Amino acid sequence: MIPSNWYNVVPDLPAPPPPPLHPGTRQPIGPDDLAPLFPMELIGQEVSGERFVPIPQEVLDVYRLWRPTPLIRARRLEKALDTPARIYYKYEGTSPAGSHKPNTAVPQAYYNAREGVRLLTTETGAGQWGSALAFACAQFDLECQIWMVRASYDQKPYRRSLMQVYGATVHASPSPVTGAGSKVLAEHPGSPGSLGIAISEAVEVAAATPDARYALGSVLNHVLMHQTVIGEEAIEQLPEMPDLIVGCTGGGSNFAGLTFPFLREKLAGRIETVFRAVEPAACPSFTRGVYAYDFGDTAGLTPLLKMHTLGHAFVPDPIHAGGLRYHGMSPLLSHMYELGLFEAVTRSQNECFEAGVRFARTEGILPAPEPTHALAEVVAEALRCKESGEEKVILTALCGHGHFDLGAYDRYLAGQLEDFALPQDRIDQALTELPG
């Protein structure tokens, strides 16, 4: 059954998260500061103190195209690993866009359309968020412009095609159509782009166009809240409570969507589940970043967000998990990490694809590169259970399929996939540009 409410974890936390700040005054921002970018309903959700927010009927009507999504026990993977662990995964690849992203794209398009917006702009890394927003805009008769990170634009041409089929206009970022993109191209003509650069471009156009607004696919509170339909369904579907929940993290929406409802149960003392975030070794904001106020984009157009960051000037190497190539982490998740509510580890690109291939050959589903990070950690945990004999229950979110990522799998199978070592001096250099 589809939940009738989204869950807001903020009221249940032991301490409130730090507020976003105006970059000029360094004072907490108010609704008027966000109004040029977001509709008032989403601004209200961003700062809501309510534990549950009702899902509008019009959104539920679209959700019914693919929700509830299946929760599956990975019995064949368990058998291949010869582990006593019991592994479950919540599969979000059944959505029209093939990932969890429509869970927030649909309500964002709905609220914007209701307030008379004509155009939504956004960025996308791997293309999953862009596909989702293009689909959602088609449902509510909105125009859509998407800045797709150049590395993914080149790697995943059929993601771009899908966005165009849904009616969106897609630009490779950095692009010459914005001031932010033109500046990057002038300084770095061959730039692979980054989510931070693409955000700058999308925000620039939205802020300069009266009947346009900006839509973000991760990071912000309202986005994470919309994704909690994943965890709420999983609680109802699971035959047993998990000992460990594992999720990949880039901006944080997939991990939050699965874990927040379970975290509510843990904070209430009803379960003892451990939560573990997995990020790319090439873009390790939790494990090697600093917890500080920083811009959410490269050009410095957004409010200052207190988050784990590698620095807004950091440009990650062009790994194939494009959705995880973000310099920062959700401020809400960053705050919760500081509170010790979950763990974080890193995985390299090749070990992730190895886990993805193993999963495909046992469970039959080809994972997107992003959730292979969680799968690599799930496999490692299951093998630890094999050594210890522990019958641990493990849950993960398979947040999307990899049908548009076969070029990356080709490179892996050919032995051509590179594990990018991230020197500390690259992080140190980017951190020198943190706002003073």
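Everything that follows concerns the structure shown earlier in this document.
Below or above, wherever it landed, is the structure these notes cover. (Residues numbered from 1 in each chain as written. Predicted model: local features only at pLDDT ≥ 70, side-chain atom pairs only at ≥ 80, totals over all residues. Heavy atoms only, no water.)

**As for the pairing of strand E12 (residues 304-309)**
Put simply, the test is: Under the scheme applied here, a residue whose accessible area is under 20% of the maximum for its type counts as buried, over 50% as exposed, and between as partly exposed, the area being computed with a 1.4 Å probe on protein chains only. A run of DSSP states H or I qualifies as a helix once it reaches four residues; a run of E qualifies as a strand once it reaches two. Both are numbered from the N-terminal end. When DSSP finds at least two bridges between two strands, those strands are taken to pair.
Here E12 lies mainly inside the structure; five of its six residues are buried. Strand direction decides the pairing type here: strand E11 (residues 290-295) and E12, joined by six bridges, are antiparallel. Paired with Tyr291 across the bridge in E12 is His308.

**Points about the sheet that holds strand E3 (residues 71-73)**
Cut-off, in case you're wondering: The axes are straight lines fitted to the C-alpha atoms, using for helices just the contacting stretch, and the angles between their N-to-C directions are given from 0 to 180°.
With respect to topology, six strands assemble into an open sheet ordered E3-E4-E14-E9-E10-E13, the strand pairing being mixed. Strands with a single pairing partner mark the edges of an open sheet, and in this sheet they are E3 and strand E13 (343-347). If you compare each strand with its neighbour and ignore which way they point, the axes differ by 25 degrees on average. Two elements, E3 and strand E4 (residues 86-91), share three bridges in a ladder whose sense is antiparallel. Each bridged residue has a counterpart across the sheet, and for Ile72 the counterpart in E4 is Tyr89.

**Some remarks on the packing of aromatic side chains**
So the rule is basically this: Side-chain rings of Phe, Tyr and Trp, where Trp is taken by its six-membered ring, are said to pair if the distance between their centres is within 6.5 Å; with planes under 30 degrees apart they count as stacked, over 60 as edge-to-face, and otherwise as tilted.
The tally for this structure, following the rule as stated, stands at 14 aromatic pairs. Look at Trp66 and Phe135: their rings are 6.3 Å apart centre to centre, the planes differ by 75 degrees, and that puts the pair in the edge-to-face class. With a gap of 69 residues between them, Trp66 in the loop between helix H3 (57-63) and E3 and Phe135 in helix H6 (residues 128-139) connect regions that are remote in the sequence. The burial state of Trp66 is the same as that of Phe135; both residues are buried. With 4.7 Å between their ring centres and 45 degrees between their planes, Phe286 and Tyr337 make a pair best called tilted.

**Description of the state of the cysteines**
Convention followed: By disulfide we mean two sulfur atoms from cysteines, separated by a distance within 2.5 Å.
Taken as a whole, this structure holds zero disulfides when the rule is applied. In this structure Cys137 is not part of a disulfide, and its nearest cysteine sulfur, from Cys144, lies 4.1 Å away. Looking at Cys385, it has no disulfide partner, and the nearest cysteine sulfur is the one in Cys352, 19 Å off.

**A short note on the pattern of salt bridges**
Pairing between side chains of opposite charge can happen when their charged atoms approach one another. The line we're drawing: For this document, the term salt bridge refers to a Lys or Arg side-chain nitrogen within 4 Å of an Asp or Glu carboxyl oxygen.
Inspection of every chain in the model, using the stated rule, returns 26 salt bridges. For Glu233, the salt bridge is made with Lys90, and the minimal N-O distance between the two is 2.7 Å. Of this pair, Glu233 sits in helix H12 (residues 229-237) while Lys90 sits in strand E4, and the two are 143 residues apart along the sequence. Like Glu233, the residue Lys90 is buried in the burial classification. One salt bridge in this structure joins Arg118 and Glu143, with 3.1 Å as the shortest N-O distance. Taken together, the positions of Arg118 in the loop between helix H5 (102-114) and strand E5 (119-124) and Glu143 in strand E6 (residues 143-149) put the pair 25 residues apart, joining distant regions of the chain. Taking relative accessible area as the criterion, Glu143 reaches 43% and is therefore assigned partly exposed. Bridged by salt links that share partners, the residues Arg276, Glu343, Arg347, Glu351, Glu377, Glu381, Arg384, Glu390 and Lys392 form one connected network.

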